[in-house]
Structure formats: structure tokens, C-alpha cells
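Descriptive analysis of the structure
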Amino acid sequence: MDIRELTITGPDAGPYSLTTGPDGTLWVTCAHSGELVRISPGGDVTTIGLDAPQSQPAVIVAGPDDAVWFTRTRDDTISRLGTDLRSFPLPTGSGAYGLAAGPDGALWFTAMTTSRIGRLAPDGTVTEFPLPDAAFPAMITAGPDGALWFTLNQANAIGRITTGGDVRLHELPTPDAAPVGITSDGVDLWFVEIGAGQLGRITTGGTITEFPLSDRTARPHAIAAAGVGDLWFTEWGANRIGHRTPDGTLTAHDLPTEKSEPHGITVDATGGVWAALEIGRLTHIVS
């Protein structure tokens, strides 16, 4: 296992979330500096300033088009970067955070502050669907069943919403598990519990299984799938990258730099694993 680090910004920019674009380009949000960073397949690094440096760009995803889309938590906005930058205002106080491209061509997001799931239509129309008060919806992802699945960090549950807006919640077995990251491996949904130090799986039928990590204080944060049952996740509190193989084996890989604070994680088209480090770097894991 080869673990490398790539410096992409200064130490105060705060790389947070990252995604792989359709052409193999990596895109990273910098939450503290209000910038995006683009890393070409050849390794060229370009910094892109936004129209609002204090907007706190959070989660970034490849959209249903040839652009990348990202939430801006501090100014209640979703932005699209293609040939130019376009921004779509959300209801005031939304605290937009998680983001996913839905099967209906819309972008679906979590409104942490107002406890809602939102839908941004291609024409810019925003529709919101209420959740229990103070549920603190975090990450969201498209499921293999045509619905969107999301974590409820403070309600201790995994939620499912259809493209028609029907919501169902599934309570987690472990109290105060505080789920954050969630992804689909094409068959099931997988999530991480930052409060309990566990990896979790939920089937599309709602059956939940939890897998304790060897270090229950690792504070797993984000998760990405490389294949069915093949999961990579950041252990923010332990300075490690965790891995679950399809046979169920759980391993952890220490990062080279102490206190690097790994956050977002993605798997590129070649199977390489990338994670954003708040210290201004990316880590790249190649099997």
C-alpha cells in the first residue's frame, strides 16, 4: 500500500471535500479560504476563487451535467462550476451541507440548520421537505433503489426520501452514534458513525448492521465505495484512512503527517483513493 501526500494550498485554506470529475480531474473545496482547487490528471494544481470568500464551500459532487456542484454553508447557496460559475440561492438559514445528484436530474441537498432535505431542479426551483426538528441532516447520496439516502446526525437515524418527497427514517441501534458520511456501493448503503466509532450498512429494505472499529475513538467522518462491500473512510480523530474489504476485513492506514485532519474521501476511475487533509494537502493511496 503506497500512501503519498500532495500539497495543494496553504495550511489555512482547509481542504474539506473532494470529487472526481468526468474527465478524471479532482476537485476540492477549501472551507476556510472560500476557494476550489482543481488537480488535473497530469498533476497540475489550479486555485479558483469564488465570488464570496466567506461562503464556506462544503460538499462537492460531479453533477448530472459536465460540471461540478457544491454547497456553500455560510451563505445558503449551491454553486455550479462548468465553463463559468453560476450560483443558486437557497432559503435563508438553510445551512446547506450534503449534496448528491439525483436520478431525476436534480441536485438534492441537506439543510442542516432548518432540518430539511432540499431539491434544486435544473431550472433553479428549490423545493424543501421537512424532517424532525434539530435532526441535523448531514450527508446525502443516491441509492441503488432510485431514492436518496441521508444521515441524521442528531436524530441518530438514516433517512430515505423518494424523488416524490416521501420520507422514511430508520433509527440506529447504537445510541448517540451521530452518523455523518454515507455512500452506496450499488447494492447497499454504507455510513460511518462519528460518535460511536463504527461503520454501518443499511439495505434498501431498511435492515441495519453495525461494525465496530478497533479504535472506537477514531471519529470516522466520510466514506466512499470502490466496489460492492469495498469501502474507504476517513478516521478524522485518529489520523488514519480506514478500509473494509469485500470479505469484511477492517484495516486502518496511518497517515504520514501527524494531525493532518482527514475529511472528505473519493475513489478515482483507476481505483486510487484520495482524501482531503485540512492541513492543505491531499493524500493518495494506491494499492
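The present account deals with the structure reproduced in this document. (Residues numbered from 1 in each chain as written. Predicted model: local features only at pLDDT ≥ 70, side-chain atom pairs only at ≥ 80, totals over all residues. Heavy atoms only, no water.)

A tally of regular secondary structure across the protein chain gives 0 helices and 28 strands. If one aligns the C-alpha atoms of the protein chain with their principal axes, the spans along those axes are about 45 × 45 × 30 Å. Relative to its 287 residues, the protein chain shows a buried fraction of 56%. The long-range share in the protein chain, meaning contacts at least 24 apart out of those at least 6 apart in sequence, stands at 37%. Counting only carbon and sulfur atoms, one obtains 48% of the accessible surface of the protein chain, whose full area is about 11300 Å². Side-chain charges in the protein chain split into 17 positive and 33 negative, and the spacing between the mean points of these groups amounts to 1 Å. (Helix = DSSP H or I, 4+ residues; strand = E, 2+ residues; numbered from the N terminus. Buried < 20%, exposed > 50% of the residue type's maximum accessible area, 1.4 Å probe, protein only. Contact = heavy atoms within 4.5 Å. Areas by Shrake-Rupley, 256 points an atom, 1.4 Å probe, with all protein chains shown as cover. Lys, Arg positive; Asp, Glu negative; His and termini not counted. Charge placed at Lys NZ, Arg CZ, Asp CG, Glu CD.)

Bringing the pattern of salt bridges into the picture now. Counted under the stated rule, the structure contains 10 salt bridges. One salt bridge connects Arg119 with Asp104, and the closest N-O pair in it is separated by 2.9 Å. Taken together, the positions of Arg119 in strand E12 (residues 116-120) and Asp104 in the loop between strand E10 (96-101) and strand E11 (107-111) put the pair 15 residues apart, joining distant regions of the chain. For Asp145, the salt bridge goes to Arg160, with nearest N and O atoms at 2.9 Å. On the criterion of sequence distance, the pair formed by Asp145 in the loop between strand E14 (137-142) and strand E15 (148-152) and Arg160 in strand E16 (residues 157-161) is long-range, its members being 15 residues apart. Judged by relative accessible area, which is 23%, Arg160 ranks as partly exposed. Through salt bridges with shared partners, a single ionic network connects Asp51, Arg72 and Asp75. (Salt bridge = Lys/Arg side-chain N within 4 Å of Asp/Glu carboxyl O.)

Let us now look at the sheet that holds strand E21 (residues 208-212). Across the sheet, 4 strands lie side by side as E18-E19-E20-E21; this open sheet has antiparallel pairing. The sheet terminates laterally at strand E18 (179-184) and E21, the two strands that pair on one side only. Neighbour-to-neighbour, the strand axes of the sheet open up by a mean angle of 20°, direction not taken into account. When E18 meets strand E19 (residues 189-193), the two strands line up antiparallel, connected through 4 bridges. Across the sheet, the residue bridging to Ile182 is Phe191, located in E19. (Pairing = 2+ DSSP bridges. Axes fitted to C-alpha atoms, helices over the stretch in contact; angles between N-to-C directions.)

Its place among the elements puts Ala134 in the loop between strand E13 (126-130) and E14. C-alpha of Ala134 to C-alpha of Pro262: the two residues are 128 residues apart in sequence and 26 Å apart in space. Once residues lying within four places of it in the same chain are set aside, the contact partners of Ala134 are Ser115 and Gln154.

Moving on, we get to unusual backbone geometry. Of note, Ser115 is a non-glycine position whose phi angle comes to about 60°, a positive value. Position of Ser115 relative to the elements: it lies in the loop between E11 and E12. The exposure class of Ser115 is buried, given its relative accessible area of 3%. You will see that Asn156, though not glycine, has its phi angle at about 55°, which is positive.

This part takes up the packing of aromatic side chains. Scanning the entire structure with this criterion turns up 4 aromatic pairs. Look at Trp108 and Phe129: their rings are 5.9 Å apart centre to centre, the planes differ by 15°, and that puts the pair in the stacked class. Of the two residues, Trp108 sits in strand E11 while Phe129 sits in strand E13, which places them 21 residues apart along the sequence. Its relative accessible area of 14% is what places Phe129 among the buried residues. Seen from their ring centres, Trp190 and Phe211 are 5.9 Å apart, and the 25° between their planes marks the pair as stacked. (Phe/Tyr/Trp six-rings, centres within 6.5 Å; stacked < 30°, edge-to-face > 60°.)

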